[in-house]
Amino acid sequence: GSPVLHITAGRHPMLEQSLLERGGDDFISNSVALGGKTKAVGMACESNEYLPRLLLLSGPNMGGKSTLLRQTCLITIMAQLGCMVPADSCKMTPVDRIFTRVGASDKVLEGQSTFFVELAETANILHSATQDSLCILDELGRGTATHDGTAIAHAVVDRLVRTTRCNTL
């Protein structure tokens, strides 16, 4: 069947431990449901519809978006290795590769701008990802003007949804 990634009440393992060591509040858990069917996740609905394989996150600065992306990757790796995962439950199909496009960096000494590096990494994802891959894209298109960045992000999302059909955050 199709790729599935369902994490219920997941927590970022390092961040949760760091908060506990500092005597802070517990980490607020997050759930992610990509692929599969609504009934399989236990969602209260009348139909047995397929869940989307792509989730777009938005929210305020420091709202936890990047933490959720990293947390999802860590839990996926831990589950695939057979480790105990920091979540109430985790159901997933095997992942062949995890692709990430996170953060801004350049290679000035090699003549590559932040925008060039971002597009090169994105091109690698589009050429190499399969249906069984997990793709994490954070702030795609940020290295350029607003309209250009939006167009790039739209084109990448369209390709991942229509052609690659992998689970993507």
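Scope of this entry: the structure provided in the associated data block. (Residues numbered from 1 in each chain as written. Predicted model: local features only at pLDDT ≥ 70, side-chain atom pairs only at ≥ 80, totals over all residues. Heavy atoms only, no water.)

### Quick notes on the side chain of T72
Here's step 1: With respect to the helices and strands, the residue T72 is situated in helix 3 (residues 65–81).
Here's step 2: The exposure class of T72 is buried, given its relative accessible area of 1%.
Here's step 3: Not counting residues up to four positions away in its chain, the partners in contact with T72 are L5, I7, V32, L134 and L169. (Helix = DSSP H or I, 4+ residues; strand = E, 2+ residues; numbered from the N terminus. Buried < 20%, exposed > 50% of the residue type's maximum accessible area, 1.4 Å probe, protein only. Contact = heavy atoms within 4.5 Å.)

### With respect to the sheet that holds strand 6 (residues 167–168)
Here's step 1: Spatially, 3 strands are ordered 4-5-6 in an open sheet, and the strand pairing comes out parallel. Each of the sheet's edge strands pairs with one partner strand only, and the pair in question is strand 4 (98–101) and strand 6.
Here's step 2: Where strand 5 (residues 134–137) and strand 6 come together, 2 bridges link them in parallel fashion. Within strand 6, the position partnered with L134 by the bridge is N167.
Here's step 3: The sheet strands contacting helix 3 are strand 4 and strand 5, and the helix crosses strand 5 at an angle near 160 degrees. (Pairing = 2+ DSSP bridges. Axes fitted to C-alpha atoms, helices over the stretch in contact; angles between N-to-C directions.)

### What about the sheet that holds strand 1 (residues 5–10)?
Each strand in a sheet pairs with another by means of backbone hydrogen bonds, the pair being arranged parallel or else antiparallel.
Here's step 1: Spatially, the 3 strands line up as an open sheet ordered 2-1-3, and their pairing is antiparallel. In this open sheet, the two edge strands, each paired with only one partner strand, are strand 2 (30–34) and strand 3 (89–92). In this sheet, neighbouring strand axes are inclined to one another by 10 degrees on average, regardless of whether the strands run parallel or antiparallel.
Here's step 2: Bridge analysis of strand 1 against strand 2 gives 4 bridges, and the strand direction is antiparallel. For I7, the partnering residue across the bridge sits in strand 2 and is V32.
Here's step 3: Across the sheet, helix 3 lies against strand 1, strand 2 and strand 3, angled at about 110 degrees from strand 1, the strand it touches most.

### Considering the pattern of salt bridges
Here's step 1: For the structure on display, the rule yields 3 salt bridges.
Here's step 2: One salt bridge in this structure joins R101 and E118, with 3.6 Å as the shortest N-O distance. One end of the pair, R101, is in strand 4; the other, E118, is in helix 4 (residues 114–128), and 17 residues separate them in sequence.
Here's step 3: Take R101: its relative accessible area is 4%, and that puts it in the buried class. (Salt bridge = Lys/Arg side-chain N within 4 Å of Asp/Glu carboxyl O.)

### Remarks on the nonpolar core
Here's step 1: Core analysis: the biggest nonpolar cluster contains 14 residues, and L5, I7, V32, L34, L134, I136 and L169 have the highest contact counts within it.
Here's step 2: At the level of secondary structure, the elements contributing two or more residues to this core comprise strand 1, strand 2, helix 3 and strand 5.
Here's step 3: If you tally residues by element for this core, the top one is helix 3, at 4 residues.
Here's step 4: Sequence-distant contacts of L34, defined by excluding residues within four places in its chain, comprise P3, V4, L5, H6, P52, R53, L54, L55, N167, T168 and L169.
Here's step 5: Of all hydrophobic cores here, the second largest spans 11 residues; its members include I152, V156, L160 and C166. (Core = buried A, V, L, I, M, F, W, Y, C linked by side-chain atoms within 4.5 Å.)

### Here we look at helix 3
Residues three or four positions apart in an α-helix share a direction because the helix packs 3.6 residues into each turn.
Here's step 1: A rise of 1.5 Å per residue sets the reference length of helix 3, with its 17 residues, at 24 Å; its end C-alpha atoms lie 25 Å apart and thus fit the reference within 8%.
Here's step 2: Listing the buried residues of helix 3 in full gives L68, L69, Q71, T72, C73, I75 and T76.
Here's step 3: Looking one or two places after helix 3, you find G82, whose phi comes out positive at around 90 degrees. (Expected span 1.5 Å × (residues − 1).)

### Some details on the pairing of strand 4
Here's step 1: Alternating residues of strand 4 divide into F99 and R101, all buried, and I98 and T100, none buried.
Here's step 2: Where strand 4 meets strand 5, 4 bridges bridge the pair, whose relative direction is parallel. Residue pairing for strand 5: F99 is matched across the bridge by C135.
Here's step 3: A crossover links strand 4 with its parallel partner strand 5, the connecting element being helix 4, and its sense is right-handed. (Right-handed = clockwise from strand over helix to strand, strands pointing away.)

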